[in-house]
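Coordinate analysis (summary)
Residues per chain are reported as follows:
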Amino acid sequence: DAGVIQSPRHEVTEMGQEVTLRCKPISGHNSLFWYRQTMMRGLELLIYFNNNVPIDDSGMPEDRFSAKMPNASFSTLKIQPSEPRDSAVYFCASTHSRQGPETQYFGPGTRLLVL
Amino acid sequence: AQSVTQPDIHITVSEGASLELRCNYSYGATPYLFWYVQSPGQGLQLLLKYFSGDTLVQGIKGFEAEFKRSQSSFNLRKPSVHWSDAAEYFCAVGYSGGGADGLTFGKGTHLIIQP
């Protein structure tokens, strides 16, 4: 089975440009998470969705960040306008939400560099 | 708020030697705990998890971890490391409530294997 798919794997852009990161969760999973990894702050949860509905976006750093999940098999994380401090690795993870804890499965990440 | 502490930023171990990576968590309710491994430029791979039951859990690649509630710890161990174990290791904690919630990660421990 395919795991979590993220695209692009690498993105280099200039400050002020719009960046869109994409994620396809594992088929059958109904919860999706976006994390950001930086040297300074480590791995941080940005936002997560249950059944395509955003549940907690308190980790989204600024209004420049937005995330959508239009259907069960696709999500986007958009940064507009991008800034150099947004440079990081962005991970998407998915799981099947039931009563009780579940394991999150991570994608390979998108490495973003904003010049 | 929940938090995870990995007190060792770097650990160097000789190949064939035993390994213990420390993880302490702070959380009021019953936690569920994970160890993930990240190789350079890669995503996060689940090593093992603790949800309930036996406090000694076995994972992949010969790793094990022991949940000690009295010490709020979930240390990762391996009796004999291999050069391929060199990577970044992350401890994470989640809620024990229903559904899927975002994970809180430690800052990671970078494992170096000496020949």
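Scroll up to find the structure this text is about.
Residues numbered from 1 in each chain as written. Chains lettered and ligands numbered in written order. Predicted model: local features only at pLDDT ≥ 70, side-chain atom pairs only at ≥ 80, totals over all residues. Heavy atoms only, no water.

A separate point is the state of the cysteines. Evaluated as defined, the whole model comprises two disulfides over all chains. For Cys23 of chain A, the disulfide goes to Cys92 of chain A, at an S-S distance of 1.9 Å. The sign of the S-S torsion, about -70 degrees, decides the handedness of the disulfide formed by Cys23 of chain A and Cys92 of chain A: left-handed. One end of the pair, Cys23 of chain A, is in strand β3 (residues 19-24); the other, Cys92 of chain A, is in strand β9 (residues 88-95), with 69 residues separating them in the sequence. According to the relative accessible area criterion, Cys23 of chain A is buried, its value standing at 1%. Paired through a disulfide, Cys23 of chain B and Cys91 of chain B show a sulfur-sulfur distance of 1.9 Å. Sign of the S-S torsion, about -65 degrees for the bond between Cys23 of chain B and Cys91 of chain B, identifies this disulfide as left-handed. Of the two residues, Cys23 of chain B sits in the loop between β3 (19-21) and β4 (24-26) while Cys91 of chain B sits in strand β10 (residues 87-94), which places them 68 residues apart along the sequence. Taking the relative accessible area as the measure of exposure, Cys23 of chain B reaches 0% and is therefore buried. (Disulfide = S-S within 2.5 Å. Helix = DSSP H or I, 4+ residues; strand = E, 2+ residues; numbered from the N terminus. Buried < 20%, exposed > 50% of the residue type's maximum accessible area, 1.4 Å probe, protein only.)

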